[in-house]
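Structural overview
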Amino acid sequence: IFYYLFIGLLLILFSYLVYWSIFVLKDTDKKLTALGITGVLLTGLITLVTFSINSLQAKKREYDAISLKEKLNSYEFFYVAIVNIIKTQGANQSQSGKKLVSDLITFKKGLMSWGSERLIKSYIAFENDVFYSEHLTLAEKVKRIDEILKEIRREFGYKDSKNLKLFELFLEKEARKELNY
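In what follows, the accompanying structure is described. (Residues numbered from 1 in each chain as written. Predicted model: local features only at pLDDT ≥ 70, side-chain atom pairs only at ≥ 80, totals over all residues. Heavy atoms only, no water.)

1. Here's the deal with the overall build of the protein
Which entries qualify depends on this criterion: Every helix listed is a DSSP run of H or I at least four residues long, and every strand listed is a run of E at least two residues long, numbered separately from the N terminus. Buried means the residue's accessible area, taken with a 1.4 Å probe over protein chains only, is under 20% of the maximum for its type, while exposed means over 50%, and partly exposed covers the values in between. Here, residues are in contact when the closest pair of their heavy atoms is within 4.5 Å. Note that accessible areas follow from Shrake-Rupley with a 1.4 Å probe, and for residues the cover is restricted to the protein chains shown. Under this rule, positive means Lys or Arg and negative means Asp or Glu; His and the chain ends count for nothing. Lys charges are placed at NZ, Arg charges at CZ, Asp charges at CG and Glu charges at CD.
When you go through the protein residue by residue, the secondary structure sums to six helices and zero strands. When the helices and strands of the protein are listed from N to C terminus, the series reads α-α-α-α-α-α. C-alpha atoms of the protein, sized along the principal axes, occupy 95 × 30 × 25 Å. Across the 181 residues in the protein, those meeting the buried criterion constitute 27%. Long-range pairs, those at least 24 residues apart, make up 53% of the contacts in the protein with a sequence separation of at least 6. Summed over all atoms, the accessible surface of the protein reaches about 13,100 Å², with 62% contributed by carbon and sulfur. Computed over 27 positive and 21 negative side-chain charges, the separation of the two mean positions in the protein equals 4 Å.

Spelled out as structure tokens, the structure:
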């Protein structure tokens, strides 16, 4: 706010200098000198404002890049957990279960730091439906997984249509048919 107030005051000052040099001064040489000085000062101000804006934008881009990298690292654990769930269907799950819990906890830590409110709420609903609900069919659970994958992609700026079925990447042709997916 101080920055904008300062710029506003400088613009008022320059406006007054232009008014003063045009309407108050009577001598043409003095008018030209005053306008020349005002022009130089205004050029300096514009340079300062441009530099400040570019600096702020560079900082924002840098923050966005760091944020994106951290989100990717955090969300990678969710992808790994989903793949591990698929791999361990029907296999010995004791060892892989510990890894799954570890990956999901790491994902949740990243979600708390980098996830939007919308993604956090979606993940909680997803977790309640997929991990704690016994009334959902396998096809409904797959649909919930697909929804959370789309929500994660939305965090990165992707706008997926409702027809895109991301979980299909993990399924074989027969499984897609079986799940009506």
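Now that the structure is up, let's keep going.
2. Quick look at helix α5 (residues 138-155)
Note the threshold: Expected span of a helix: the number of residues minus one, times 1.5 Å.
Taking 1.5 Å per residue, 18 residues should reach 26 Å; α5 reaches 26 Å between its end C-alpha atoms and fits that length. Those residues of α5 lying buried are Val 142, Ile 145, Asp 146, Ile 148, Leu 149, Lys 150, Glu 151, Ile 152 and Glu 155. One or two positions beyond α5, positive phi appears at Gly 157, with a value near 95 degrees.

3. Concerning the nonpolar core
In plain terms, the rule: Side-chain atoms within 4.5 Å are what join buried Ala, Val, Leu, Ile, Met, Phe, Trp, Tyr and Cys residues into a set we call a nonpolar core.
Ranked by internal contacts, the top residues of the largest apolar core, which has 21 residues, are Phe 78, Phe 107, Tyr 123, Phe 126, Ile 145 and Phe 167. The set of elements that each furnish at least two residues to this core consists of α2 (28-87), α3 (94-114), α4 (117-132) and α5. Sorting elements by how many residues they give to this core places α5 first, with five residues. Ignoring sequence-local partners within four residues, the contact set of Phe 107 consists of Ser 74, Tyr 75, Phe 77, Phe 78, Tyr 123 and Ile 152. Of all hydrophobic cores here, the second largest spans five residues; its members include Ile 7, Leu 10, Phe 14 and Val 49.

As far as function goes, none of this settles anything; it's purely spatial.
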